[in-house]
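# Reading the structure
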Amino acid sequence: MNRARIFVSRDSSARSVGADEVAAALAAEAARRGVGIELVRNGSRGLFWLEPLVEVETDRGRMAYGPVMASGVPQLWDAGFLQGGAHPLQLGLTEEIAFFKNQERLTFARVGLTDPVSLQDYLDHGGYRGLEAALAASPAGIVSAVTQSGLRGRGGAAFPAGIKWQTVLATAADQKYVVCNADEGDSGTFSDRMIMEGDPFVLIEGMTIAGLATGATRGFIYLRCEYPDARAALQAAIAAASQAGYLGGNVRGSGRAFDLEIRLGAGAYICGEETALLESLEGKRGQVRFKPPLPAIQGLFGKPTVINNVITLASVPVILERGADHYRDFGMGRSRGTLPIQLTGNIRHGGLIEKAFGVTLRELLYDYGGGSLSGRPIRAVQVGGPLGAYLPESQFDTPIDYEAFAAIGAMLGHGGIVVFDDTVDMAAQARYAMQFCATESCGKCTPCRIGSTRGVEVIDRLIAGQDPAAQEALLRDLCETMTHGSLCALGGLTPYPVVSALNHFPQDFACNP
Amino acid sequence: MSRQSALRGIPIRTEPQSSLGATERAAVLEVCNRLKVLAGPLIPILHGVQAELGYVPHDALPVIAAELNLTRAEVHGVASFYHYFRKEPAGRRIVYLCRAEACQAVGSRTLEVHARRRLGIDFHQTTADGAVSLEPVYCLGNCALGPSIMIGERLHGRVMPERFDELVADAACGP
């Protein structure tokens, strides 16, 4: 008889609530009962409220149980879970769980299915087909596919990826670089981390394709140091890819070179801004550069550089594999393809939802998310990280679409949605946004460096009720200056959460002595 | 003026003034020699020094500067820019507590107050017995399962005050 295959995620979120203990308990119980099992530590399916999730391979597909506690493992056995037996924690087939079933997974197609650090598993699940297609195409052909797909930068700025690549391709230089921005610092986001921990080869493949497309022979992954598990998974995957000739001086015998290194950040939020990131990679303070010159022309060490976010690069293999049209056919308007949306904060069913653009916030919050975790009414959501606007219930019908968000003075950013219930104090959230900007400002431009500190002080006076009308006018004026006068998005977008809180929740700023 | 000193040339390379102990100095030099071949080596070297010594001593900066042919000001500027590089030694365990919005939405502001009271220290401080340092962090990427803390390199989710006490007690007892 074949040994039963059991899957317990190695994703750090799953581990944060006991996946390692559950895996150890499963192994111990199997040994105690003398049953041979094959325990696979996969990436997470992204159904985090069900973690630690235990999946068992059955004739009908993977049967899910969760959330499982280590102490509950013997009961699973008694219920015959190896045959998919009934148990209070049994959730049915994983792929039939509505939260999962209704998604459109392109970039995350393999995450949760495979052993992330097994190259063989990656190949068995369609990995490296994009690279094979790229090796058969010309650089201009690869760039054209990326352009045609409509893929826009998933880090937040939503700049068309193909245009960046075309600029690097068209700029002659003795050395070019591909840099992956893996400094995922926005609160409410973890899709980069899930890819890096759950399917690191797809990022490596995407970067290799970017190298082939633009003539870059060296790549760097600038990874935030808060992600040690992602670092380990990437290191293992890079070693395996190099060993098998997918990286190195002669990629798959093509005569083309591509080498990849990981560099660690050091806890500076601003290094998620692409030019600050390049400065940091060069060994300097992470201070924003003036643009122009664009990084695509003078980037890392002054050389033409493709710099894209993890999700952008990880979406490239599927575009090359299935064709630009396949990807472009998802989505709405000028937002093509899918977005890995992260549903977080005070939400019952938090996790990762990869959907075509066009799904509304309300569907995400209630149909997928099941409302707030606390059971209280959802009062506000912040979309797009600490620089994203706070949206009230009246805006929940906004579709996930770059332009629709811009139209209401908000932004999608990296696709993180943070949910707050009605206990939230929006004045405190506005103050926090300014304080965060003050803490993380690189200091290069005055509106951000000084404006954020003054902003905290003005909000404090406003909340304290010291001539509130004048303080509010001053705060709005300051936000105007920061918006238009800052060098980058940190100072330029901090007014989003502040002004949206002020506009939609003015009562929270009123002084209640 | 003695003959010997009159013959002394202008030193091209001065030994940086530094009161770094011999062991630490050797560790810093080893890290520099290992990593200075990298493109843009300074941040990897600072990471390396912190991994070896637990922090980046002020007196290590001139040594690094000399090895990389940078000014002390440049190295100081970089080391002090990044929140992760410590100027002081840490306790035996570092507890990173997430202060970002997704954790706030599920009670991290309460957890912060609890953590400071429980440990008797503020952020960036170490308990008197040297067991635990408390550091703020802005997002650990565990936003669906907050409030989150990281102890060393181990992430913990859904950390309510009681759970915090258990985790910190375990950490403080550890090696």
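In this convention, every chain numbers its residues from 1, walking through the sequence in written order. Chains and ligands are labelled sequentially in the order written, the chains with letters from A and the ligands with numbers from 1. Totals for whole chains, interfaces and linings use every residue, but because this is a predicted model, local features are given only for residues with pLDDT of at least 70 and side-chain atom pairs only at 80 or more, for both listing and counting.

Residues and elements named next belong to chain A. Judged by how many residues are buried, helix 21 (residues 495–504) sits mostly within the fold: eight of ten residues are covered. Here exposure depends only on C-beta density: within 10 Å of a residue's C-beta, 20 or more other C-beta atoms make it buried, 12 or fewer make it exposed, and intermediate numbers make it partly exposed, the C-beta atoms being placed from the backbone. Put simply, DSSP marks the helices as runs of H or I at least four residues long and the strands as runs of E at least two long, and each gets a number from the N terminus on. Of all the residues in helix 21, the buried ones are P495, Y496, P497, V498, V499, S500, A501 and L502. Contacts are defined on C-beta atoms placed from the backbone: any two residues whose C-beta positions lie within 7 Å are in contact. Residues of helix 21 that are buried in the fold lie against strand 14 (378–383), strand 15 (390–392), helix 17 (426–440), helix 18 (446–463), helix 19 (468–485) and helix 20 (489–493).

All names here are of chain A. Spatially, five strands are ordered 13-12-16-14-15 in an open sheet, and the strand pairing comes out mixed. Two strands close off the open sheet at either side, each with one partner strand: strand 13 (351–356) and strand 15. Between one strand axis and the next, the sheet turns by 30° as a mean value, whatever way the strands run. Bridging between strand 12 (residues 338–345) and strand 13 involves six bridges; their strand directions are antiparallel. When the bridges of strand 13 are listed, L343 appears paired with G351. Of the strands in this sheet, strand 14 and strand 15 touch helix 21, which is tilted by about 25° from strand 15. Two strands are said to pair when DSSP picks up at least two bridges between them. Lines are fitted to the C-alpha atoms to define the axes, a helix being fitted only along its stretch in contact, and any angle between axes, read from their N-to-C directions, falls within 0 to 180 degrees.

Residues and elements named next belong to chain A. In terms of burial, strand 12 is a largely internal element, eight of the eight residues being buried. Taking the residues between adjacent antiparallel strands as the criterion, strand 12 and strand 13 are bridged by five residues. Across four bridges, strand 12 lies against strand 16 (residues 416–421) in parallel orientation. Within strand 16, the position partnered with G345 by the bridge is V419.

What follows deals with the interface of chain A and chain B. Each side of the interface is counted separately: chain A has 47 residues, and chain B has 34 residues. For the side of chain A that touches chain B, the secondary structure elements donating two or more residues are helix 1 (12–16), strand 8 (259–264), helix 12 (274–281), strand 12 and strand 16 of chain A.

Residue and element names in this part refer to chain B. The geometry of helix 7 (residues 108–119) relative to helix 8 (residues 161–173) is characterised by a closest axis approach of 10 Å and an angle of 40° between their N-to-C directions. Between helix 7 and helix 8, the crossing angle belongs to the class labelled oblique. Every pair of crossing elements has a handedness; the one defined by helix 7 and helix 8 is right-handed. Across the interface between the two elements, L111, H114, A115 and R118 of helix 7 pack against P161, F164 and D165 of helix 8. When residues are grouped by polarity, Ala, Val, Leu, Ile, Met, Phe, Trp, Tyr, Cys and Pro land in nonpolar, Asp, Glu, Lys and Arg in charged, and all others, Gly among them, in polar. Partitioning the contact of helix 7 with helix 8 into residue classes produces four nonpolar, one polar and two charged. Here is the rule for angles: anything less than 35 degrees is roughly parallel, anything more than 145 is roughly antiparallel, 65 through 115 is roughly perpendicular, and the remaining ranges are oblique. When the near helix sits turned anticlockwise from the far one by under a right angle, the crossing is termed left-handed; a clockwise turn instead gives a right-handed crossing.

Another aspect to go through is the domain arrangement of chain B. Domains are outlined according to an automatic or database domain assignment. Taken as a whole, chain B is organised into domain 1 (12–81) and domain 2 (93–173). Measuring from the centre of the C-alpha atoms in domain 1 of chain B to the corresponding centre in domain 2 of chain B gives 30 Å.

Residue and element names in this part refer to chain A. With 214 residues, the main nonpolar core has V179, L203, A210 and V381 as its most contacted residues. When residues in this core are grouped by element, the largest group, nine residues, is from helix 10 (residues 200–214). Not counting residues up to four positions away in its chain, the partners in contact with A210 are W165, V178, A216, V306, L313 and V316. Take the buried Ala, Val, Leu, Ile, Met, Phe, Trp, Tyr and Cys residues, join any whose C-beta atoms are within 7 Å, and the set you get is a nonpolar core.

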